[in-house]
Amino acid sequence: DGGITQSPKYLFRKEGQNVTLSCEQNLNHDAMYWYRQDPGQGLRLIYYSQIVNDFQKGDIAEGYSVSREKKESFPLTVTSAQKNPTAFYLCASRELGGAGVEPQHFGDGTRLSIL
Amino acid sequence: AQKITQTQPGMFVQEKEAVTLDCTYDTSDPSYGLFWYKQPSSGEMIFLIYQGSYDQQNATEGRYSLNFQKARKSANLVISASQLGDSAMYFCAMREDRDDKIIFGKGTRLHILP
């Protein structure tokens, strides 16, 4: 089945540690996105990418880094500089073109907690 | 700057009644798209409906319709004949055509009462 796979489902980070969240899609979508969800805050955009080897910062990029070496993969690294990383992280992808009507498809999310 | 506002943190509605979830937006881009998503307690995001800024008709998808008032920058979601399974978080989102950046509102938690 086509879709977006996020792993792991749950992740624990120690203080001062970098962790990487995986996001893989087999939908052949051009654009991919990372969002952070906190209670009462909705989804906030961290990074997004429209093409391989290119990405843009969203509204809360500080403390995070991404790469887009392959079309199907968009991993997110939560660095030690992110002081409050506990949240639910959602990855999404979308087909570009088509008059912009294409919705985002979302993964099932990764819940990150600090030990 | 883009901005999406959902002013109703929570709503309680009796089963089978219609419900309107409010969404207002702010953008300087004349070309944009508006989306509504549903997020059940399981956490998955389910796409419901889309409205383009140049669409003349309000979008409809089954029991969902979007009341698009462009001059007021309003894109309210209407759910007709609500069901218990409609209980979830609902998010309004906007994409500006110039950069494909998609941002979300804070959401409305809808509770359908039996």
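Below is a summary of the structure that appears in this document. (Residues numbered from 1 in each chain as written. Chains lettered and ligands numbered in written order. Predicted model: local features only at pLDDT ≥ 70, side-chain atom pairs only at ≥ 80, totals over all residues. Heavy atoms only, no water.)

Let's talk about the nonpolar core
Residue and element names in this part refer to chain B. Let me state the cut-off plainly: In plain words, nonpolar cores are sets of buried Ala, Val, Leu, Ile, Met, Phe, Trp, Tyr and Cys residues tied together by side-chain atoms within 4.5 Å. Working definition: with a 1.4 Å probe on protein chains only, accessible area under 20% of the residue-type maximum means buried, over 50% means exposed, and in between means partly exposed. Here a strand is any run of E in DSSP of at least two residues, a helix any run of H or I of at least four, and the numbering for each starts at the N terminus. A contact between two residues is defined here by any heavy atoms of the two lying within 4.5 Å.
Ranked by size, the top nonpolar core spans 26 residues in total, and within it Y25, W36, I49, L77, Y90 and L110 carry the most contacts. Secondary structure elements with two or more residues in this core: β2 (10–14), β3 (19–21), β5 (32–39), β6 (46–52), β8 (64–69), β9 (74–79), β10 (88–96) and β12 (108–113). By residue number, the principal contributor to this core is β10, which donates 4 residues. For L77, the contacting residues outside a window of four places in its chain are V19, T20, L21, W36, L48, I49, Y64, S65 and Y90.

As for the packing of aromatic side chains
In plain terms, the rule: To pair, rings of Phe, Tyr and Trp, with the six-membered ring standing in for Trp, must have centres within 6.5 Å; the planes then decide the type, stacked if under 30 degrees apart, edge-to-face if over 60, and tilted in the middle. Whether a charge sits over a ring comes down to the Lys NZ or Arg CZ being within 6 Å of the ring centre and within 35 degrees of the ring normal.
Scanning all chains against the criterion turns up 15 aromatic pairs over all chains. Ring plane angle 85° and centroid distance 5.1 Å describe the contact between Y35 of chain A and F104 of chain B, whose orientation is recorded as edge-to-face. Of the two residues, Y35 of chain A is situated in strand β4 (residues 31–38) and F104 of chain B in strand β11 (residues 102–104); the pairing between them involves two chains. A relative accessible area of 8% places F104 of chain B in the buried class. One aromatic cluster in this structure is built from Y33, Y35, Y48 and F106 of chain A together with F35, Y37, F47, Y50, F91 and F104 of chain B. Geometry around F74 of chain A places R68 of chain A over its ring, the cationic atom sitting 6.0 Å from the centre. The ring of Y64 of chain B is capped by R63 of chain B, whose NZ or CZ atom sits 5.8 Å from the centre of that ring.

Structural notes on the interface of chain A and chain B
Filter applied, for reference: Each of two parts loses accessible area, computed with a 1.4 Å probe, when they are put together; buried area is these two losses added. The working definition used for a salt bridge is a side-chain nitrogen of Lys or Arg within 4 Å of a carboxyl oxygen of Asp or Glu.
Taken residue by residue, the interface counts 24 residues in chain A and 18 residues in chain B. Each partner contributes to the roughly 1,700 Å² buried at the junction of chain A and chain B, and carbon and sulfur atoms together form 54% of this total. Linking chain A to chain B there are 2 salt bridges. A salt bridge links D100 of chain B to R94 of chain A; the shortest N-O distance between them is 2.2 Å.

Remarks on the environment of G107 of chain A
Topologically, G107 of chain A is positioned in the loop between β10 (105–106) and β11 (110–114). Aside from chain neighbours lying at most four places away, what touches G107 of chain A is I4, Q6, L90 and C91 of chain A.

Quick notes on the state of the cysteines
Residue and element names in this part refer to chain A. Worth spelling out the cut-off: Two cysteine sulfurs form a disulfide in these notes if their separation is within 2.5 Å.
Across all of its chains, the model carries 2 disulfides over all chains by this definition. With a sulfur-sulfur separation of 1.9 Å, C23 is cross-linked through a disulfide to C91. Here the S-S torsion is close to -75°, and the disulfide linking C23 with C91 is therefore left-handed. Of this pair, C23 sits in strand β3 (residues 19–25) while C91 sits in strand β9 (residues 87–94), and the two are 68 residues apart along the sequence.

Side note on the pattern of salt bridges
Residue and element names in this part refer to chain A. If you walk through the whole model with that rule in mind, you get 10 salt bridges over all chains. Linking D30 and K71 is a salt bridge whose minimum nitrogen-to-oxygen distance equals 3.4 Å. Of this pair, D30 sits in the loop between β3 and β4 while K71 is found in the loop between β7 (64–66) and β8 (76–78), placing the two residues 41 residues apart along the sequence. Here the salt bridges do not stand alone but share partners, grouping R36, D38 and R44 into one network.

Brief notes about the environment of T24 of chain B
Residue and element names in this part refer to chain B. Summarising the element assignment, T24 is placed in strand β4 (residues 24–26). For T24, a relative accessible area of 35% puts it in the partly exposed group. T24 sits 10 residues away from Q14 along the chain, and the two C-alpha atoms are 25 Å apart. What T24 contacts, discounting residues up to four positions off in sequence, is K3, I4, T5, K73 and S74.

Taken by themselves, the reported measurements are silent on function.
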